[in-house]
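# Notes for the structure review
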Amino acid sequence: ETGTAAEDEFEKVAVEDEHNEIEEEESMEEEGHVVEDGEKDLSVRIKLRLYGSHLQLVGRTKRRPDCYAEVYLADGPRRRSSKYEKLLGKTEIIDKHCNPQWTTVFTIDYEHGKHLYFFVRVMRLSKNRDSSKLVGGALFEVGDVLGSNRAKARRFKDGGVVIAQLRVLPKEYQDATFRFRLRALERMNLSRLFRRAPDTVLELAKKRVSNAGEAWVTVYRSHPVERSLVPFWDEADVELDTTCNGDLDWPI
């Protein structure tokens, strides 16, 4: 399975060594902010995004998994701990994909110099979608990820990889959002293979530039509009930093 250009780029990560790095999207944000009295404010707000790679096919039919991820603040560096301090949230479910790019972004308040751990559990829905099964779990430390070009990959015991990517959010962008709503102006082509109008989703992607080249990374995915030839998707608010790195001329 080749996946999209963005997925192919992430799949190049060497995961045998947990200290392997992903190419930087851009230079690291300056650590800390100088306040008026000359002292350094070490508290920053961080955005976390997750990616899956080479997740295992399921069952005898080798179907692609329907997966989502859960993120917890861990109570310490115990990799096999069954207790977590706080559930930060869950990603959306991506159906039938071995290389999911979850668009859900998690916010973490972090102070430089202190250890802060988070635990990621990737879950797979059953075929009838009434239960979930653990695909794998991985522990990360925020400072370690930030010091490794802001991204870390962890391999699961039974196969598959989860990638955690962190971005320090500049204070001037913390409240800035990009609000939009889109619709199809013309009737969508309907193949003879379809007996009804399709269910459609809208994706927003930004260009990612690195030493490995250029790729498009999905930053937003809408809820589906069902059975419509002229879909009108819900209004969306996406943080400006997530959408275009704060650069209004950035390609999306």
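Above this text sits the structure in question.
Residues numbered from 1 in each chain as written. Predicted model: local features only at pLDDT ≥ 70, side-chain atom pairs only at ≥ 80, totals over all residues. Heavy atoms only, no water.

### Side note on the environment of lysine 96
As for its placement among the helices and strands, lysine 96 is situated in the loop between strand 5 (84-90) and strand 6 (106-111). Overall, lysine 96 belongs to the exposed group, its relative accessible area being 55%. Along the chain, lysine 96 and aspartate 66 lie 30 residues apart, while their C-alpha atoms are 5.1 Å from each other. With sequence-adjacent residues up to four places away left out, lysine 96 is seen in contact with Arg64, Pro65 and Asp66. (Helix = DSSP H or I, 4+ residues; strand = E, 2+ residues; numbered from the N terminus. Buried < 20%, exposed > 50% of the residue type's maximum accessible area, 1.4 Å probe, protein only. Contact = heavy atoms within 4.5 Å.)

### What about the packing of aromatic side chains?
By the definition in use, this model includes three aromatic pairs. Relative to phenylalanine 180, the ring of phenylalanine 178 has its centre 5.0 Å away and its plane inclined at 25 degrees; by these criteria the two rings are stacked. The interplanar angle of 85 degrees and the centroid separation of 5.5 Å between the aromatic rings of phenylalanine 180 and tyrosine 220 together place this pair among those described as edge-to-face. Of this pair, phenylalanine 180 sits in strand 11 (residues 177-180) while tyrosine 220 sits in strand 13 (residues 213-221), and the two are 40 residues apart along the sequence. Residue classification places phenylalanine 180 among the buried positions, given a relative accessible area of 11%. (Phe/Tyr/Trp six-rings, centres within 6.5 Å; stacked < 30°, edge-to-face > 60°.)

### A closer look at the nonpolar core
One finds Leu48, Leu50, Phe118, Val120 and Val122 to be the most contacted residues of the largest nonpolar core, which totals 29 residues. Looking at this core, the elements that each hand over two or more residues are strand 3 (43-53), strand 4 (67-74), strand 6, strand 7 (117-125), strand 8 (132-141), helix 2 (142-146) and strand 10 (161-169). If you look at the next biggest cluster of nonpolar residues, it comprises nine residues, including Leu202, Leu204, Tyr220 and Trp233. (Core = buried A, V, L, I, M, F, W, Y, C linked by side-chain atoms within 4.5 Å.)

### Considering the pattern of salt bridges
Tallied over the entire structure, the rule returns 15 salt bridges. Arginine 121 is paired through a salt bridge with glutamate 70; the nearest N and O atoms lie 3.1 Å apart. One end of the pair, arginine 121, is in strand 7; the other, glutamate 70, is in strand 4, and 51 residues separate them in sequence. Between glutamate 235 and arginine 179 there is a salt bridge, with its nearest N and O atoms 3.9 Å apart. You can see glutamate 235 sitting in the loop between strand 13 and strand 14 (236-239) and its partner arginine 179 sitting in strand 11, a full 56 residues away along the chain. The exposure class of arginine 179 is exposed, given its relative accessible area of 57%. One network of salt bridges, with partners in common, ties together Asp66, Asp95 and Arg129. (Salt bridge = Lys/Arg side-chain N within 4 Å of Asp/Glu carboxyl O.)

### Describing the pairing of strand 14
In strand 14, alternate side chains face the same way, and those of Ala236 and Val238 are buried while those of Asp237 and Glu239 on the opposite face are not. Sheet topology note: the strand 11/strand 14 ladder contains four bridges and is antiparallel. Looking at the pairing, arginine 179 lines up with aspartate 237 of strand 14. (Pairing = 2+ DSSP bridges.)

### Thoughts on the environment of glutamate 235
For glutamate 235 and arginine 181, which are 54 residues apart along the polypeptide, the C-alpha to C-alpha distance reads 4.4 Å. In contact with glutamate 235, not counting residues within four places along its chain, are Arg179, Phe180 and Arg181.

### A short note on unusual backbone geometry
With glycine set apart, most residues show a phi of negative sign, and most peptide bonds adopt trans. The backbone phi angle of asparagine 149 is positive, close to 60 degrees, even though this residue is not glycine. Looking at the element boundaries, asparagine 149 is found in the loop between helix 2 and strand 9 (151-155). Note on asparagine 149: relative accessible area 24%, which makes it partly exposed. Its identity as a non-glycine residue notwithstanding, arginine 150 has a phi of 65 degrees, on the positive side. Exposure remark for arginine 150: the relative accessible area of 6% places this residue in the buried category.

### A word on the sheet that holds strand 9
Across the sheet, which stays open at both edges, the four strands sit in the order 6-3-10-9 with antiparallel pairing between neighbours. Looking along the sheet, the strands with just one partner apiece sit at the ends: strand 6 and strand 9. On average, each strand axis in the sheet is inclined to that of its neighbour by 30 degrees, with strand direction left out of account. Two strands pair when backbone bridges link them, and strand 9 and strand 10 are joined in this way by five bridges, in the antiparallel orientation. Opposite arginine 155, over in strand 10, you have valine 161 as the bridge partner. (Axes fitted to C-alpha atoms, helices over the stretch in contact; angles between N-to-C directions.)

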